[in-house]
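Spelled out from the first residue to the last, the chains are:
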Amino acid sequence: MNAVLTPQGDTCSPVASHAIGVDAATSVASTLKALSDPLRLRMLSAIASDPRGESCVCDLAELADVAQPTVSHHLKVLKDVNVLTSERRGTWVWYRINPSRRSAVTALLESFAPATLAPWSAADGHDEPRPDFDVRVTHLADELAAEVPELDPNVVLTIVRESYTALARTARVTSALVPLTERFARQRLADLTRDRDTSVPQVLFVCVANAGRSQLAAALVNKLAGGKVVARSAGSAPADVIHPHVRSILAEIEGDLAAERFSKPLTDDAVRAADVVITMGCGDVCPIIPGVRYDDWAVGDPALASRDGVEAIRDDIAGRVRALVDDLVP
């Protein structure tokens, strides 16, 4: 492709050669067109989050006040673009996410969809320069190093600085950065120094934003287990604030303690310290550590749900949590 000369005489970069191809663009556009219907998106979300890994027409008909033939029509549209597969068993047809499209569906529901609902998580003044907390962070590192003499002070300083930097990326209020850094760093230091032989079982819940289901799961475990199991949570791409519907439910579960919750990034230390790691819609982001048990819970995303929907997600997680605690505590 030849470069193009602008009226001002500047040479344009031949960017068109790097654009998506016509055939690929046509295929993607066809899929996006099939997805551009609210009911179809809700059906896709219901199927993706169904614990059975599949849903039938009878389940999906409950999503809207429409006849089953209408539901079947929408499902056929999704099948035609290979997003879904189906299997008839007896009277009903069962639908699953096409394995070849699962990662794309996950990206749509777990990353793109919540991003379009940004008003609940947008930070005002996010581009303002952050104050320099270097002196306070260094002082915090000195205090924490004195509490964990078994660790090299330089290791503690590194963890504190890393914790501060990670939280600063999404912090809405810079004045809260140092207190949050202290809490996050303390958790990481506890993970580093944990003795598996003498500690109670520890569970780590991981989702994308650490602003919804992983927070709910950790709160429910800590309440139900009564100290016999410790639950932590983290996010592969943590949000700047916990979803408001989730925060109100956390207040019902934990009372005043809910105000102390904040979104935290996933660390290797947290995974190594856990006896059980449970992922919730974040794909294969967790490092595989020998001796750690892994599981995946297909539950809905509160960021995409109404208040009633978040309560239903809480109830789903609560049932799973009870079974988990019963398994970990004889």
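As a starting point, this report considers the structure included with it.

What counts as what
Residues numbered from 1 in each chain as written. Predicted model: local features only at pLDDT ≥ 70, side-chain atom pairs only at ≥ 80, totals over all residues. Heavy atoms only, no water. Pairing = 2+ DSSP bridges. Helix = DSSP H or I, 4+ residues; strand = E, 2+ residues; numbered from the N terminus. Buried < 20%, exposed > 50% of the residue type's maximum accessible area, 1.4 Å probe, protein only. Right-handed = clockwise from strand over helix to strand, strands pointing away. 1 Å grid on protein atoms, 1.4 Å probe; cavity = no way out; pocket = protein on both sides within 12 Å on 5 of 7 lines; lining within 4 Å. Points joined across faces, edges and corners; volume = space filled by probe spheres on them. Nonpolar A, V, L, I, M, F, W, Y, C, P; charged D, E, K, R; others polar. Core = buried A, V, L, I, M, F, W, Y, C linked by side-chain atoms within 4.5 Å. Salt bridge = Lys/Arg side-chain N within 4 Å of Asp/Glu carboxyl O. Polar contact = N/O pair within 3.5 Å; in protein donor to acceptor, adjacent residues only side chain to side chain. Contact = heavy atoms within 4.5 Å. Axes fitted to C-alpha atoms, helices over the stretch in contact; angles between N-to-C directions. Phe/Tyr/Trp six-rings, centres within 6.5 Å; stacked < 30°, edge-to-face > 60°. Lys NZ or Arg CZ within 6 Å of the ring centre and 35° of its normal.

So, the pairing of strand 3 (residues 92–97)
(1) Moving on: Of the pairings in the sheet, the one linking strand 1 (residues 55–56) to strand 3 comprises 2 bridges and is antiparallel in character. Note on strand 3: the bridge partner recorded for Ser55 is Tyr95.
(2) Moving on: Pairing between strand 2 (residues 84–89) and strand 3: 6 bridges, direction antiparallel. Directly across from Arg88, in strand 3, lies its bridge partner Val93.

Examining the pairing of strand 5 (residues 230–235)
(1) Moving on: The buried count for strand 5 comes to 5 of 6 residues, which makes it a mostly enclosed element.
(2) Moving on: Pairing between strand 4 (residues 202–207) and strand 5: 6 bridges, direction parallel. Pairing of Gln202 across the sheet is with Val230, part of strand 5.
(3) Moving on: As a crossover connection, the stretch from strand 4 through helix 9 (residues 213–225) into strand 5 is right-handed.

Remarks on empty space enclosed by the protein
(1) Moving on: Taken as a whole and judged by the stated rule, the model has 1 cavity of 30 Å³ or more.
(2) Moving on: Surrounding the largest cavity, Phe184, Gln187, Arg188, Asp191, Leu204, Ser233, Ala234, Lys264, Pro265, Thr267 and Ala270 form its lining.
(3) Moving on: Looking at the lining of the largest cavity, the elements that each hand over two or more residues are helix 8 (177–192) and strand 5.
(4) Moving on: If one sorts the elements of the lining of the largest cavity by residue count, helix 8 sits on top with 4 residues.
(5) Moving on: Residues that form the lining of the largest cavity fall into these classes: 5 nonpolar, 3 polar and 3 charged.

Some points on the layout of surface pockets
(1) Moving on: In this structure, the largest pocket spans a volume of roughly 840 Å³.
(2) Moving on: Lining the largest pocket are 27 residues, and of these Arg42, Ser45, Ala46, Ser49 and Leu63 sit closest to its centre.
(3) Moving on: Contributions of two or more residues to the lining of the largest pocket are made by helix 2 (38–49), helix 3 (57–60), helix 5 (102–116) and helix 12 (307–328).
(4) Moving on: For the lining of the largest pocket, the leading source of residues is helix 2, giving 6 residues.
(5) Moving on: Its residues placed into classes, the lining of the largest pocket shows 15 nonpolar, 6 polar and 6 charged.

Some thoughts on the nonpolar core
(1) Moving on: Ranked by internal contacts, the top residues of the largest apolar core, which has 32 residues, are Val203, Phe205, Ile278, Met280, Trp297, Ile317 and Leu324.
(2) Moving on: Those elements that place two or more of their residues in this core are strand 4, helix 9, helix 10 (244–254), strand 6 (276–279) and helix 12.
(3) Moving on: Ranked by size, the runner-up nonpolar core spans 22 residues in total, among them Leu60, Ala61, Tyr95 and Val105.

A few points about the pattern of salt bridges
(1) Moving on: The tally for this structure, following the rule as stated, stands at 20 salt bridges.
(2) Moving on: Note that Glu147 is salt-bridged to Arg186, the shortest N-O span being 2.5 Å. In this pair, Glu147 sits in helix 6 (residues 134–147) while Arg186 sits in helix 8, placing the two residues 39 residues apart along the sequence.
(3) Moving on: We note a salt bridge from Asp275 to Arg196, for which the minimum N-O separation is 2.8 Å. Placement of the pair is Asp275 in the loop between helix 11 (268–273) and strand 6 and Arg196 in the loop between helix 8 and strand 4, with a sequence separation of 79 residues.
(4) Moving on: Among the residues examined, Asp275 registers a relative accessible area of 21% and is labelled partly exposed.
(5) Moving on: Taking the relative accessible area as the measure of exposure, Arg196 reaches 36% and is therefore partly exposed.
(6) Moving on: Because the salt bridges share partners, they merge into one network encompassing Glu252, Arg307, Glu311, Arg314 and Asp315.

Observations concerning the side chain of Ser233
(1) Moving on: Structurally, Ser233 can be placed in strand 5.
(2) Moving on: On the basis of relative accessible area, Ser233 is assigned to the buried category, the value being 3%.
(3) Moving on: Only 3.0 Å separates the side chain of Ser233 from the side chain of Asn210, close enough to count as a polar contact.
(4) Moving on: Beyond its immediate stretch of four places on either side in the chain, Ser233 contacts Leu204, Phe205, Asn210, Ser214, Gln215, Ala218, Arg261 and Lys264.

Brief notes about the sheet that holds strand 6
(1) Moving on: Reading across from one edge, 5-4-6-7 is the order of the 4 strands in this open sheet, with parallel pairing throughout. Lying at the two open borders of the sheet, with one neighbouring strand each, are strand 5 and strand 7 (293–296). Within this sheet the neighbouring strands show an average axis-to-axis angle of 20 degrees, counted without direction.
(2) Moving on: Taken together, the 4 bridges between strand 4 and strand 6 define a ladder with parallel strand orientation. Across the sheet, residue Phe205 finds its bridge partner in strand 6, namely Ile278.

Some remarks on the packing of aromatic side chains
(1) Moving on: Per the counting criterion, the structure on display carries 1 aromatic pair.
(2) Moving on: Ring centres 5.6 Å apart and planes at 55 degrees place the aromatic pair Phe205 and Trp297 in the tilted group. Taken as a pair, Phe205 in strand 4 and Trp297 in the loop between strand 7 and helix 12 lie far apart in primary sequence, 92 residues in all. Like Phe205, the residue Trp297 is buried in the burial classification.
(3) Moving on: The aromatic ring of Phe184 is capped on one face by Arg188, whose charged end is 5.8 Å from the ring centroid.
(4) Moving on: The cationic tip of Lys264 hangs over the ring face of Phe262; the distance from NZ or CZ to the ring centre is 5.1 Å.

Spatial relationships are all this shows, so hold off on functional conclusions.
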